[in-house]
Amino acid sequence: MSKTIRPVLVCLVVAGAAWMAAGVGRVAEPALAAQAPAVRPADLVLTNGRIDMECGATSDTEANRRDVDFSNAIFVAVTRVAVTKGAAIKSMRDLNRRRVAVMQGSSNEQVLEQFSRDHKLAIDLVRGNDLNTSYATMRLGKADALAMDDILLIGMMNEAGDQGRFEFLDETLSSEPYGIMVRKDDPAFKRLVDKTIN
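Here goes a summary of the coordinates provided. (Residues numbered from 1 in each chain as written. Predicted model: local features only at pLDDT ≥ 70, side-chain atom pairs only at ≥ 80, totals over all residues. Heavy atoms only, no water.)

### Some remarks on the pairing of strand β4 (residues 99-103)
Then, number 1: A large share of β4 lies buried, amounting to four of its five residues.
Then, number 2: Two elements, β4 and strand β5 (residues 124-128), share five bridges in a ladder whose sense is parallel. Looking across to β5, one finds that Val100 is bridged to Leu125.
Then, number 3: Viewed along the sheet, the connection from β4 through helix α3 (residues 107-118) into β5 turns out right-handed.
Then, number 4: Where β4 lies against strand β6 (residues 145-149), two bridges are found, and the strand directions are parallel. By the bridge assignment, Ala101 is partnered in β6 with Leu146. (Buried < 20%, exposed > 50% of the residue type's maximum accessible area, 1.4 Å probe, protein only. Helix = DSSP H or I, 4+ residues; strand = E, 2+ residues; numbered from the N terminus. Pairing = 2+ DSSP bridges. Right-handed = clockwise from strand over helix to strand, strands pointing away.)

This is the structure we're talking about:
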């Protein structure tokens, strides 16, 4: 299943449950519209009331929970590092003095920074504004490696036809539980979401 399909399917089921709970008889009801706005960790549109839930690959982290809430986990990804197949980089320590692409503001960026500090490495982070930019940075040779959630990276490799071009290092950096992101000020909706996905 593609990197975006699973969360979207779960959200469609939750949206259906919300419509039923609200007594809405048809999907086209204007007050309950499904939209696909671009959402990045840096601009969580839930906090301004524009949307009720976000169904992407946003990790349920302590930092994100300051502003929003999350459903029970729907998937657990792992932060991994990909490199060009056959490269001299065989372990995380080989990233010392190497350029590693990450998405700016992501939990992947945070765990790689922490790993670099903890192991006294000089990893040069190349920060992209979004996942596609970060992937392109590695793909075009502007970075030696890329740190990202494994499921997203596998999806991007498949979409680009790069399955045989890159490989993962054996080490993992963190587990990334994905949940449906919901507003903090709506505990009844969170209960509906959790009940529906369970």
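### A few points about the packing of aromatic side chains
Then, number 1: Taken as a whole and judged by the stated rule, the model has two aromatic pairs.
Then, number 2: Seen from their ring centres, Phe75 and Tyr178 are 5.9 Å apart, and the 45° between their planes marks the pair as tilted. Within this pair, whereas Phe75 is found in strand β3 (residues 75-84), its partner Tyr178 is found in strand β7 (residues 166-178), the two being separated by 103 residues in sequence. (Phe/Tyr/Trp six-rings, centres within 6.5 Å; stacked < 30°, edge-to-face > 60°.)

### Regarding helix α6 (residues 187-197)
Then, number 1: Buried residues of α6: Phe189, Lys190, Val193 and Asp194, and no others. Seen end-on, α6 carries its buried residues on one side only, within an arc spanning 135°. Pointing more than 90 degrees away from the buried face of α6 are the exposed residues Arg191 and Lys195. (Arc of directions from axis to C-beta.)

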